[in-house]
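# Coordinate inspection notes
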Amino acid sequence: MDRHTIKATYQLSDQVLNDYDTWIRRDETGPAKRQYGDTDLVYLQTIAALYTMGFTAEEVATYLQFDERDQRTTAQRLRLLTRKRKERLAEIHQCESQVAAIDYLRFHLNAGSQNVHDRTQ
């Protein structure tokens, strides 16, 4: 598949394709003539998934540097994923706390306006 077809079919961004071409392909073929196959697609989907998970470009590059066949690098990739998971959970907990604070203030505003309404009747 050419770049346009793979981008449209798999809804990949230019950033994912450019990063893949830079980090993995490293060939001299111009983007207009470059062809992508099944092996390329696995890497492209991994890059896209990592970006979706909130990885930075540097973190994606680090993740891709690890050899999938090497048991030691499997542990390194797992550490990266675990760290990112903890970061996301911390963000979720922070958002939950913010929502709880909003709900608390809303409750008091509603209770206060109800008391004012009750006194005026």
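The structure this text deals with has already been given above.
Residues numbered from 1 in each chain as written. Predicted model: local features only at pLDDT ≥ 70, side-chain atom pairs only at ≥ 80, totals over all residues. Heavy atoms only, no water.

Looking now at unusual backbone geometry. Across residues other than glycine, the phi torsion is negative in most instances, and most of the peptide bonds are trans. One non-glycine residue, Gln11, lies in positive phi territory at about 50°. Following the sequence through the fold, Gln11 ends up in the loop between α1 (3-10) and α2 (14-25). (Helix = DSSP H or I, 4+ residues; strand = E, 2+ residues; numbered from the N terminus.)

Attention now goes to α2. Those residues of α2 that sit buried are Val16, Leu17, Asp19, Tyr20, Asp21, Trp23 and Arg25. Those residues of α2 that are buried are in contact with α1, α3 (38-52) and α4 (57-65). Where α2 terminates, the next one or two residues include Arg26, which has phi positive at roughly 50°. (Buried < 20%, exposed > 50% of the residue type's maximum accessible area, 1.4 Å probe, protein only. Contact = heavy atoms within 4.5 Å.)

Let's shift gears to the nonpolar core. Note that soluble globular proteins tend to have their nonpolar side chains buried in a common cluster. Formed by 19 residues in total, the largest nonpolar core has its most connected members in Ile6, Trp23, Leu44, Ile47 and Val60. When residues of this core are traced back to their parent elements, those giving at least two are α2, α3 and α4. If you tally residues by element for this core, the top one is α3, at 5 residues. Residues within four places of Leu44 in sequence aside, it is in contact with Ile6, Leu12, Val16, Leu17, Tyr20 and Tyr36. (Core = buried A, V, L, I, M, F, W, Y, C linked by side-chain atoms within 4.5 Å.)

What follows concerns the pattern of salt bridges. Enumeration over the complete set of coordinates arrives at 10 salt bridges. The closest approach of N and O atoms between Arg3 and Asp14, which form a salt bridge, is 3.9 Å. One end of the pair, Arg3, is in helix α1; the other, Asp14, is in helix α2, with 11 residues separating them in the sequence. Between Arg34 and Asp21 there is a salt bridge whose closest N-O contact spans 2.6 Å. Placement of the pair is Arg34 in the loop between α2 and α3 and Asp21 in helix α2, with a sequence separation of 13 residues. Of the residues examined, Asp21 reaches a relative accessible area of 11% and is grouped as buried. (Salt bridge = Lys/Arg side-chain N within 4 Å of Asp/Glu carboxyl O.)

When two helices pack together, their arrangement is captured by the angle between the axes and the distance separating the axes. Relative orientation of the contacting elements α3 and α4 amounts to 140°, with a least axis distance of 10 Å. One way to sum up the angle between α3 and α4 is to call them oblique. Here α3 and α4 pass one another in a crossing that is right-handed. Residues Tyr43, Thr46, Ile47, Leu50 and Tyr51 of α3 form the contact with α4, whose own contacting residues are Ala57, Val60, Tyr63 and Leu64. Residues that form the contact of α3 with α4 fall into these classes: 8 nonpolar, 1 polar and no charged. (Axes fitted to C-alpha atoms, helices over the stretch in contact; angles between N-to-C directions. Parallel < 35°, antiparallel > 145°, perpendicular 65-115°, else oblique. Left-handed = near helix turned anticlockwise from the far one by under 90°. Nonpolar A, V, L, I, M, F, W, Y, C, P; charged D, E, K, R; others polar.)

Turning our attention to the packing of aromatic side chains. The final tally for this structure, using the stated rule, is 3 aromatic pairs. When the centroid spacing of 6.0 Å and the interplanar angle of 35° are considered together, the rings of Tyr20 and Tyr43 count as tilted. Of this pair, Tyr20 sits in helix α2 while Tyr43 sits in helix α3, and the two are 23 residues apart along the sequence. Under the relative-accessibility criterion, Tyr20 is labelled buried at 2%. Here Tyr43 falls in the partly exposed class, since its relative accessible area comes to 27%. Ring pairs connect the aromatic residues Tyr20, Tyr36 and Tyr43, which therefore count as one cluster. Lying across the ring of Tyr63, Arg77 places its NZ or CZ 5.8 Å from the centre. Here the guanidinium or amino end of Lys84 rests over the ring plane of Phe55, the centre of that ring lying 5.3 Å away. (Phe/Tyr/Trp six-rings, centres within 6.5 Å; stacked < 30°, edge-to-face > 60°. Lys NZ or Arg CZ within 6 Å of the ring centre and 35° of its normal.)

So yeah, pure geometry; function would need other evidence.
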